[in-house]
Amino acid sequence: MAAPGPGEYFSVGSHVSCLTCLGQRLKGEVVAFDYQSKMLTLKCASSSGKPNLNDVILINLAYVSEVEILNDRTETPPPLASLNVSKLANRARTEKEDKLSQAYAISAGVSVEGQQLFQTIHKTIKDCKWQEKNIIVMDDVVISPPYQVENCKGKEGSALSHVRKIVEKHFRDVESQKSMQRTQAQQTQKDSTLSS
């Protein structure tokens, strides 16, 4: 059965086993099913092996060759877990602020390198923002274009030292990545020359 026929559905709480067109067997508890789009959501054992976690898998039944209902649930499903609305709202607000910050940097004409550095710093220190083309970290450190270690200014201390280390590591990682890409490109060029 590739997809349910008219009037067929999967009850929330039922346990099913699906065989994908790639030969992968997926087993789990039905969390949701949308008949129109033929999308099935399963809660499965965690792929990390941790007992208190679950994987949630969305399955397009158009790409399933077989579905077997292992345990059909006929009673009313339990109520959905309550959501921490304030936590979700804070997360949405933070994400929106991050996107607006990225948009501001682009509109201000900040270089790609500056934007990448800002993202790197922001992963470690959330208290960073743009002020025109300058990156302001913890209201103590200002990094101006071209965003190198020597462009980090502020009151000498642990904050300035920490930010300089982050900037230094960022550019080391970028250079290492470029070096690896050059090596791979040279190897590909050698391989194509040898095969010719």
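The following refers to the structure shown. Just so you know, these numbers come straight off a predicted model, no measurement behind them.

**Details of the pattern of salt bridges**
Then comes step 1: Tallied over the full model, the rule gives 9 salt bridges.
Then comes step 2: Two residues, Glu97 and Arg93, come together in a salt bridge whose shortest N-O distance is 3.3 Å. One end of the pair, Glu97, and the other, Arg93, are both in helix H1 (residues 85–107), 4 residues apart, so they sit about a helical turn from each other.
Then comes step 3: Here Arg93 falls in the partly exposed class, since its relative accessible area comes to 42%.

**What to know about the nonpolar core**
Then comes step 1: In terms of nonpolar packing, the biggest core is built from 20 residues, with Ile121, Val137 and Ile143 touching the most fellow members.
Then comes step 2: When contributions to this core are tallied by element, the ones reaching two or more residues are helix H2 (112–124), strand E6 (128–131), strand E7 (134–137), strand E8 (141–143) and helix H3 (158–195).
Then comes step 3: Looking at this core, the element that brings in the most residues is H3, giving 6 residues.
Then comes step 4: Not counting chain neighbours up to four residues away, the residues in contact with Ile143 comprise Leu117, Ile121, Lys133, Asn134, Ile135, Val137, Gln148, Asn151, Cys152, Val163 and Val167.
Then comes step 5: Phe10, Val16, Cys18 and Cys44 belong to the second-largest nonpolar core, a separate cluster that totals 13 residues.

**A few points about the packing of aromatic side chains**
Then comes step 1: In total, this model carries 3 aromatic pairs according to the counting rule given.
Then comes step 2: When the ring of Phe10 is compared with that of Phe33, the centres are 5.0 Å apart and the planes differ by 90°; the resulting orientation is edge-to-face. In this pair, Phe10 sits in the segment before strand E1 (15–20) while Phe33 sits in strand E2 (residues 25–34), placing the two residues 23 residues apart along the sequence.
Then comes step 3: Aromatic pair Phe118 and Trp130: ring centres 4.9 Å apart, planes at 20°, arrangement stacked. Remark: Trp130 occurs in strand E6 and Phe118 occurs in helix H2; sequence separation between them is 12 residues.
Then comes step 4: Taking the relative accessible area as the measure of exposure, Phe118 reaches 4% and is therefore buried.
Then comes step 5: Three or more aromatic residues joined by ring pairs form one cluster here, namely Phe118, Trp130 and Tyr147.
Then comes step 6: A cation over a ring is seen here: Lys38 above Tyr35, with NZ or CZ 3.5 Å from the ring centre.

**A word on unusual backbone geometry**
Then comes step 1: A cis amide bond, omega 5°, links Pro145 with the succeeding residue Pro146.
Then comes step 2: Position of Pro146 among the secondary structure elements: in the loop between E8 and strand E9 (152–154).
Then comes step 3: Here Glu132, not a glycine, exhibits a phi torsion of approximately 55°, which is positive.
Then comes step 4: Turning to its location among the elements, Glu132 is positioned in the loop between E6 and E7.
Then comes step 5: Phi at Met138 is positive, roughly 50°, even though this residue is not glycine.
Then comes step 6: Relative to the assigned elements, Met138 resides in the loop between E7 and E8.

**A closer look at the sheet that holds E7**
Then comes step 1: As summarised here, the arrangement of the 4 strands in space is E6-E7-E8-E9, forming an open sheet in which the pairing is antiparallel. Unpaired on one side and paired on the other, E6 and E9 mark the two borders of the sheet. The mean angle between the axes of side-by-side strands here comes to 25°, regardless of whether they run parallel or antiparallel.
Then comes step 2: One ladder, built from 3 bridges, connects E8 with E9; its direction is antiparallel. Paired with Ile143 across the two strands is Cys152, which belongs to E9.
Then comes step 3: Against the sheet, H2 makes contact with E6, E7 and E8, and its axis sits at roughly 150° relative to E6, the strand it touches most.

**A few points about the packing of H1 against H2**
The description of two helices packed together rests on the angle between their axes and the distance between the axes.
Then comes step 1: Axis separation between H1 and H2 bottoms out at 11 Å; the angle between their running directions is 155°. Classified by the interaxial angle, the pair formed by H1 and H2 is roughly antiparallel. Handedness of the H1/H2 crossing: right-handed. Judged by residue contacts, Asp98, Ser101, Gln102, Ala105 and Ile106 of H1 engage Gln115, Phe118, Gln119 and His122 from H2.
Then comes step 2: Residue classes in the contact of H1 with H2 are distributed as 3 nonpolar, 5 polar and 1 charged.

Calculation rules
Residues numbered from 1 in each chain as written. Predicted model: local features only at pLDDT ≥ 70, side-chain atom pairs only at ≥ 80, totals over all residues. Heavy atoms only, no water. Salt bridge = Lys/Arg side-chain N within 4 Å of Asp/Glu carboxyl O. Helix = DSSP H or I, 4+ residues; strand = E, 2+ residues; numbered from the N terminus. Buried < 20%, exposed > 50% of the residue type's maximum accessible area, 1.4 Å probe, protein only. Core = buried A, V, L, I, M, F, W, Y, C linked by side-chain atoms within 4.5 Å. Contact = heavy atoms within 4.5 Å. Phe/Tyr/Trp six-rings, centres within 6.5 Å; stacked < 30°, edge-to-face > 60°. Lys NZ or Arg CZ within 6 Å of the ring centre and 35° of its normal. Pairing = 2+ DSSP bridges. Axes fitted to C-alpha atoms, helices over the stretch in contact; angles between N-to-C directions. Parallel < 35°, antiparallel > 145°, perpendicular 65-115°, else oblique. Left-handed = near helix turned anticlockwise from the far one by under 90°. Nonpolar A, V, L, I, M, F, W, Y, C, P; charged D, E, K, R; others polar.

By themselves, these figures tell us nothing about what the structure is for.
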